[in-house]
Amino acid sequence: IAQVQVLQLMSSPSAVALQYAVFRNIEMVEKPLIVLFATVGAQFTSAAVVSYGLQKDKNTGEKKATVQVMGVGYDRSLGGFEMDMRLRDYLAAKFMEKYPKKSPITKNKRAMSKLLKEAKKVKTVLSANQDVFAQVETLHEDTDFRMKVTREELETLFADLYPRISAPFADAITTSGVSQKEIDQVVLFGGGTRVPRVQEEIKKATGASVLHKYINTDEAAAMGSAFMAATASSVFRTKEIKLKDANQFPFYVAFHKLVLNDDVDTTNRTSDGGVVMGLFQSGEIAEEKLVNKELYYRNNAYPQKKAMTFTKFTDDFHFNVSYGNLGFLDDKQTREFGAQELMKVNIKGVADVFNQHHDKTSKGIKAHLLVGESGMITVDSVEAIFETIPANKTETGWLDSVSNFFGGKEGEAKEGEEKKDQTPEEKKANETDAKNTTNTDKKSEKKDEKKDVSDKPVIVREELKVETVVFGIPQLLDVEVSKEKLAALQKIDDEKRATEESRNKLEAFVISMKDLLTADIYKSASTEEEMDKITAALEAETNWIEEESWGETFKVFNERLAKLHDYTDPVVARVKEMKGREAAVADLKQAFNLTEVFLAKIANQTEELRYHTAVELEQLEKLMNDTKEWLAKTQTAQTALPLNVDPVLKLADLISKRSSLERELHYLVRKPIPAWYKEKLKKMMDDLKNNGTLTNDDVVVEGKEGEWKKEEGKKEDAKKEAGKEEGKEEVKEEV
């Protein structure tokens, strides 16, 4: 529904351990480095024993850098938040001792929130100091609070919590299978580890003389999980580090085992004891015995796949997967743990598969259960396995047995007997033949053994249908209904955000207008009646915002803001006109000057050098004169008006008039030069040069399109004087 692709789930100790390996550049060698990560967070305390080293990959046989979580211990209810709450309650009690006539401060949620914030600050300061003053202004009923808190008081307040810190560390070390001496480093993580007494308890529990503070307690877990996400993604290229996590809670598989009567018809079994279809007929099952088998034990490394074989089922059946053997949890932790059942797995199509392979020997039904990278158990696949013997073995094997039983040719003696009437030479020859025959028989036996390899049983596997019912997770009955609910919640959030923005706009407008109305220019731009209306409206709006606006929607705020604009916009518009009028008039007059200069240059040109038509020039001049006349008339009218009246000489009109004049002027200035004009101009220049009237240095034609390069002219004159060039010279023109 949220359209978020979850790559993997990851525990906090594993993320910290991975971040430590990546960003500390731990050297992976044959002998592993063993590190204990001590975490005292806001909600829980945990310890993880982790090894860093090279381990052989089962699939490739190569040795890879591996981070393996060997053991984990934790206390879910012991954390820094518990300490903060105790210190908050302690400060509240001290306040009531100092001011007993006040109403109970515990009923004032805002005051208790202030005390909690101060308690966190006091705890942090006491981590490095022996005492500190806790102080909160106007804490409760307009009363300030200030008191001195010492580290000794803090340790007394948390006295019963400190002994509990050692339990998770002892549990982690025990389950990891290593001793305290084998631990190379103890690394701290979590804000709670800043408390000196907590550090002392960790030293006692781990036997460490030094506690390392290499990692950033605020971002280490996030950085480790980000690295794992990058590794799982195909977009990024990362270091090749394999993570093996430890399963915290054992997984059990429960099923009903079928127990048979003693007088079961054995004709339904094969000669080698295999189970065939039709074994469990009506009346043959004496009882069903519940079997609960541990499949993944505590601290079992994962990801890992295990298989479980069911040999007594020939019809559809089911088994349950759940947590089990949680005796290491106390009563409180067991209650917090909640339901232990995980899922029910229904196996379908068993009878059909057994009917299909009724002539084969059943080897059971094998279920493959996988604990993946996220630590969640799933059913990977379920298959029925059958065994069959090749046809040549079953059909001809009894003939070979009969032949061997009656083996031997006519005239040959039985084994262990001698022939009669043999000479010594014949006996010697027979002994030699016997030796040769023995060697030949051994070679034949070896060949027969190789031939028997093809007679091994053939294994047949058939995939079975699996239906999984997950417990403890609410199933979405209708995705569309859920999307509608989310859309409704999003709409509520959007309206809330819009209401806050509208409220802020209204409040900011009222404050800014009150400030602006005190300026002389705003006073002069408004009448007395307008000023009274605006002042009264702003004051009324201020009272409404402070007393009656809570719970209103953004539409109401927008409507009230629009009404205020109706009062203030005329005055604001006059002020804007007054401030911008002078500059706008100056810009228009500048346009007049440019137009007059252009027309004067055109007037100074001869008729032969003009390529602008008379109509174009007349239109430009008429537009300029009309605009000048309009400006003079409106300026006179505007001067006669008071400042608190809407102006007749408006900025919009000034800008429009200037734009029209500049647009016409630019068109004529940028008008393309016609070809005939260029040819005529070039001929005139050539004639003047040939007559010697001017040199190249003197040839300058106004306008950027007809300007001659002086450097080119100087080069031509130098060549003429030196006599290096003969004939008519060409004049280069740049357009």
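Keep in mind the model is a prediction, meaning the values are calculated, not measured.

A. Main features of the overall build of the protein chain. Helix and strand counts for the protein chain stand at 19 helices and 17 strands. The buried share among the 735 residues of the protein chain stands at 36%. Of all intrachain contacts in the protein chain linking residues separated by at least 6 positions in sequence, the fraction that spans at least 24 positions is 72%.

B. Expanded view of the sheet that holds strand E14 (residues 361-371). Pairing is antiparallel in the open sheet, where four strands are placed in the order E11-E14-E15-E16. Of all strands in the sheet, those with a lone pairing partner are strand E11 (304-310) and strand E16 (458-463), marking the two edges. Averaged over all neighbouring strand pairs, the angle between strand axes comes to 30°, with direction disregarded.

C. Spotlight on the sheet that holds strand E7 (residues 242-246). Ordered by their spatial adjacency, six strands build an open sheet running E6-E1-E2-E3-E7-E10, and the pairing between neighbours is mixed. Because the sheet does not close on itself, it has two edges, and the strands there are strand E6 (185-189) and strand E10 (301-302). Of the pairings in the sheet, the one linking strand E1 (residues 33-40) to E6 comprises five bridges and is parallel in character. Residue pairing in the sheet places Thr 39 in a bridge with Phe 189 of E6. Lying on the sheet, helix H1 (residues 12-23) is in contact with E1, strand E2 (45-56), strand E3 (63-75), E6 and E7; it crosses E2 at an angle near 50°.

D. Representation of the nonpolar core in the model. Counting residues in each nonpolar core, the largest one holds 46 residues, and the members touching the most others are Leu 36, Leu 91 and Ile 202. Those residues in contact with Leu 91 that sit more than four places away from it in its chain are Leu 115, Ala 119, Ala 134, Phe 145, Met 147 and Val 149. Tyr 296, Met 308, Val 345 and Val 353 belong to the second largest nonpolar core, which has 30 residues in total.

E. How the structure looks around the packing of aromatic side chains. This model, assessed by the stated rule, comprises 19 aromatic pairs. The interplanar angle of 15° and the centroid separation of 6.3 Å between the aromatic rings of Phe 249 and Phe 328 together place this pair among those described as stacked. With Phe 249 in the loop between E7 and strand E8 (251-260) and Phe 328 in the loop between strand E12 (317-323) and helix H8 (331-337), the pair connects residues that are 79 residues apart, well separated along the chain. A relative accessible area of 12% means that Phe 249 is categorised as buried. Arranged with centres 4.9 Å apart and planes meeting at 70°, the rings of Phe 249 and Phe 337 form a pair that is edge-to-face. Here Phe 249, found in the loop between E7 and E8, pairs with Phe 337, found in helix H8; they are 88 residues apart in sequence, far enough to count as distant. When its relative accessible area of 15% is taken as the criterion, Phe 337 is described as buried. Every member of this aromatic cluster is reached through a ring pair, and the members are Tyr 74, Phe 249, Phe 251, Tyr 296, Tyr 323, Phe 328 and Phe 337. In this structure, Arg 298 packs its charged tip against the face of Phe 328, placed 3.8 Å from the ring centre.

F. Fine view of the packing of helix H12 (residues 479-516) against helix H14 (residues 528-547). For the pair H12 and H14, the least separation of the axes is 10 Å and the interaxial angle reads 140°. In the packing of H12 onto H14, the handedness of the crossing is left-handed. Contact residues: H12 offers Arg 503, Leu 506, Glu 507, Val 510, Met 513 and Lys 514, while H14 offers Leu 538, Glu 539, Glu 541, Thr 542, Trp 544 and Ile 545. Residue composition of the contact of H12 with H14, by class: six nonpolar, one polar and five charged.

G. Looking closely at helix H3 (residues 109-126). A rise of 1.5 Å per residue sets the reference length of H3, with its 18 residues, at 26 Å; its end C-alpha atoms lie 26 Å apart and thus fit the reference within 8%. Turning to H3, its buried residues are Ala 111, Met 112, Leu 115, Leu 116, Glu 118, Ala 119, Val 122, Lys 123 and Leu 126. Elements that come into contact with the buried residues of H3 comprise helix H2 (80-98), strand E4 (131-136), strand E5 (145-150), helix H4 (151-157) and helix H6 (196-206). For H3, the N-terminal cap is Asn 108; the gap from its side-chain oxygen to the backbone nitrogen of Arg 110 is 3.2 Å.

H. Layout of the environment of Ser 233. By secondary structure assignment, the location of Ser 233 is in the loop between helix H7 (220-232) and E7. For the pair Ser 233 and Leu 7, spaced 226 residues apart in sequence, the C-alpha separation works out to 7.8 Å.

I. Spatial organisation of the packing of H14 against helix H15 (residues 554-604). Running from N to C, H14 and H15 cross one another at 155°; their axes reach a closest spacing of 11 Å. It follows that H14 is roughly antiparallel to H15 by the angle criterion. The two elements H14 and H15 meet at a crossing, and its hand is left-handed. Together, Glu 530, Lys 533, Ile 534, Ala 537, Leu 538, Glu 541 and Trp 544 of H14 and Val 556, Phe 557, Arg 560, Leu 564, Tyr 567, Thr 568, Val 571 and Arg 574 of H15 make up the contact between the two elements. Here the residues of the contact of H14 with H15 sort into nine nonpolar, one polar and five charged.

J. Local environment of the pattern of salt bridges. One pass over the structure, following the stated rule, counts 29 salt bridges. The salt bridge partner of Lys 514 is Glu 539, with a shortest N-O separation of 3.6 Å. One end of the pair, Lys 514, is in helix H12; the other, Glu 539, is in helix H14, with 25 residues separating them in the sequence. Residue Glu 539 is classed as partly exposed on the basis of its relative accessible area of 41%. Here the salt bridges share partners, and the residues they tie into one network are Asp 57, Lys 64, Glu 240 and Lys 242.

K. Focus on the environment of Glu 152. Its place among the elements puts Glu 152 in helix H4. For Glu 152 and Asp 131, which are 21 residues apart along the polypeptide, the C-alpha to C-alpha distance reads 8.6 Å.

L. Quick look at a nonpolar patch on the surface. Together, Val 4, Val 6, Leu 9 and Met 376 make up a nonpolar patch on the protein surface, roughly 410 Å² of accessible area in all. Summarising the element assignment, Leu 9 is placed in the segment before H1.

M. A look at the side chain of Arg 574. Of note, Arg 574 is situated in helix H15. Aside from chain neighbours lying at most four places away, what touches Arg 574 is Ala 525, Ser 526, Glu 530, Leu 643, Asn 644, Val 645, Asp 646 and Pro 647.

N. Representation of unusual backbone geometry within the structure. Omega for the bond connecting Tyr 302 with Pro 303 falls within 30 degrees of zero, at 10°, which places this linkage in the cis form. Tracing the chain through its elements places Pro 303 in the loop between E10 and E11. Residues other than glycine seldom take positive phi values, yet Asp 142 does so here, at roughly 60°. Structurally, the position occupied by Asp 142 is in the loop between E4 and E5. In this structure, Asn 325 is a non-glycine residue whose phi angle is positive, near 55°.

O. Structural detail: H12. Taking 1.5 Å per residue, 38 residues should reach 56 Å; H12 reaches 55 Å between its end C-alpha atoms and fits that length. Among the residues of H12, Ser 482, Thr 499, Ser 502, Arg 503, Leu 506, Phe 509, Val 510 and Met 513 are the ones counted as buried.

P. Molecular detail of the confidence of the model for the protein chain. Per-residue pLDDT for the protein chain averages 80, and the proportion of residues at 70 or more is 80%. Per-residue pLDDT stays below 50 along residues 263-283; that stretch engages in 32 contacts with residues further than four places along the chain or on separate chains. Confidence over residues 695-715 falls short of pLDDT 50; this stretch has 30 contacts with residues more than four positions distant or in other chains.

Q. The arrangement of a negative patch on the surface in detail. Residues Glu 507, Glu 546, Glu 547, Glu 548 and Glu 552 make up a contiguous surface patch of negative charge. Inspection of the secondary structure puts Glu 552 in the loop between H14 and H15. Taking relative accessible area as the criterion, Glu 552 reaches 31% and is therefore assigned partly exposed.

R. Inspection of the environment of Phe 509 at higher detail. Topologically, Phe 509 is positioned in helix H12. For Phe 509 and His 565, which are 56 residues apart along the polypeptide, the C-alpha to C-alpha distance reads 9.4 Å.

How each quantity is defined
- Residues numbered from 1 in each chain as written.
- Predicted model: local features only at pLDDT ≥ 70, side-chain atom pairs only at ≥ 80, totals over all residues.
- Heavy atoms only, no water.
- Helix = DSSP H or I, 4+ residues; strand = E, 2+ residues; numbered from the N terminus.
- Buried < 20%, exposed > 50% of the residue type's maximum accessible area, 1.4 Å probe, protein only.
- Contact = heavy atoms within 4.5 Å.
- Pairing = 2+ DSSP bridges.
- Axes fitted to C-alpha atoms, helices over the stretch in contact; angles between N-to-C directions.
- Core = buried A, V, L, I, M, F, W, Y, C linked by side-chain atoms within 4.5 Å.
- Phe/Tyr/Trp six-rings, centres within 6.5 Å; stacked < 30°, edge-to-face > 60°.
- Lys NZ or Arg CZ within 6 Å of the ring centre and 35° of its normal.
- Left-handed = near helix turned anticlockwise from the far one by under 90°.
- Nonpolar A, V, L, I, M, F, W, Y, C, P; charged D, E, K, R; others polar.
- Expected span 1.5 Å × (residues − 1).
- Polar contact = N/O pair within 3.5 Å; in protein donor to acceptor, adjacent residues only side chain to side chain.
- Parallel < 35°, antiparallel > 145°, perpendicular 65-115°, else oblique.
- Salt bridge = Lys/Arg side-chain N within 4 Å of Asp/Glu carboxyl O.
- Patch = residues over 30% accessible without salt bridge, like charges linked within 9 Å, V, L, I, M, F, W, Y side chains within 5 Å.
- Areas by Shrake-Rupley, 256 points an atom, 1.4 Å probe, with all protein chains shown as cover.
- pLDDT = per-residue confidence, 0-100.
- Lys, Arg positive; Asp, Glu negative; His and termini not counted.
- Charge placed at Lys NZ, Arg CZ, Asp CG, Glu CD.

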